[in-house]
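# Examining the three-dimensional arrangement
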Amino acid sequence: MSLGPRDRILEAAMTVFRRHGFRRSSIEETAEAAGLTRQALYHHFKSKEALFRAVIERVHDGALADGAAAAERMEAAGGTLADIIIAQVAARLTAFVASFDGSPHVEEIFSEHLNHARDLYQHYAELHDKQVAATIERTVRRHKLTLASGMTAVKLARYVELAVTGTKSAYPSMRPADAFLRDAEAMLRTLIAGAITASKPRKSAPSARPVRRKGGTRK
């Protein structure tokens, strides 16, 4: 299935940004890579900044979709709440990182991402919070879990995002990816373990005792 002009532009822009970074990329390079004229590209995007934002938005959309799909697969496999949330978060982050994999300008792209698309970052972080909260609610209900006193699915989802953000502070470009994901998983497992109340063991039923009649005769 052939791509429309807008999708062709975004595919080309991703290649150009990955190859040259944001600052050294140009509208002309993207137009040429997409097989369009500069004027045709400007019909869809008014500036390099607008094009960059559209690329980042596309990356976030794909990452969210990958996260949701990973959570569904882990749920179907019978994973624990921690397994499911970690699968969802890891798939989202992996998809985002993979979008710029192999680029020598990863740190610059992430930096410009926050400069030109911070509102998009915040918007998608909120969408991810809602997505994770829905996963928590569904899993808690299905597995008959009890969240700790004062904890809610919404709060836990927010803490999940904060834990990931904290891990990013140690890995600004989320590289090396293996170490970043390993540390993020360790933090999330600790967080989720503390958010669930341990189930109380069931009391054994009292043993049946013989009923005595007033005369002392057992029945």
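Residues numbered from 1 in each chain as written. Predicted model: local features only at pLDDT ≥ 70, side-chain atom pairs only at ≥ 80, totals over all residues. Heavy atoms only, no water.

On to the overall build of the protein, then. Looking only at helices and strands, the protein features 8 helices and 0 strands. A burial count over the protein gives 40% of its 219 residues as buried. Once local pairs closer than 6 in sequence are excluded, the contacts in the protein between residues at least 24 apart make up 71%. Carbon and sulfur atoms form 53% of the exposed surface of the protein, whose accessible area is close to 13,000 Å². (Helix = DSSP H or I, 4+ residues; strand = E, 2+ residues; numbered from the N terminus. Buried < 20%, exposed > 50% of the residue type's maximum accessible area, 1.4 Å probe, protein only. Contact = heavy atoms within 4.5 Å. Areas by Shrake-Rupley, 256 points an atom, 1.4 Å probe, with all protein chains shown as cover.)

In terms of nonpolar packing, the biggest core is built from 56 residues, with Leu-51, Ile-85, Phe-100 and Ile-136 touching the most fellow members. Those elements that place two or more of their residues in this core are helix 1 (5–20), helix 2 (27–34), helix 4 (48–76), helix 5 (81–98), helix 6 (106–143), helix 7 (153–170) and helix 8 (177–195). Counting residues per element, this core draws most heavily on helix 6, at 10 residues. Dropping the residues within four chain positions of it, Ile-136 is found in contact with Leu-81, Ile-85, Ala-153, Leu-156 and Ala-157. (Core = buried A, V, L, I, M, F, W, Y, C linked by side-chain atoms within 4.5 Å.)

The subject of this paragraph is the packing of aromatic side chains. Taken as a whole and assessed by the stated rule, the structure comprises 7 aromatic pairs. Summarising the aromatic geometry, the rings of Phe-22 and Phe-52 are spaced 4.8 Å apart at their centres and angled 55 degrees between planes, so their arrangement reads as tilted. Remark: Phe-52 occurs in helix 4 and Phe-22 occurs in the loop between helix 1 and helix 2; sequence separation between them is 30 residues. Aromatic ring contacts, followed pair by pair, group Phe-17, Phe-22 and Phe-52 into a single cluster. We note Lys-48 situated over the ring of Phe-22; from NZ or CZ to the ring centre the distance is 4.5 Å. (Phe/Tyr/Trp six-rings, centres within 6.5 Å; stacked < 30°, edge-to-face > 60°. Lys NZ or Arg CZ within 6 Å of the ring centre and 35° of its normal.)

What follows deals with helix 2. Along helix 2, the positions that sit buried rather than exposed are Ile-27, Thr-30, Ala-31 and Ala-34. Angularly, the buried residues of helix 2 cover 100 degrees about the axis, an arc narrow enough to put them on a single face. Across helix 2 from its buried face, at more than 90 degrees, point the exposed residues Glu-32 and Ala-33. Where the residues of helix 2 are buried, they touch helix 1, helix 3 (38–44) and helix 4. Just past helix 2, the residue Gly-35 takes up positive phi, approximately 75 degrees. (Arc of directions from axis to C-beta.)

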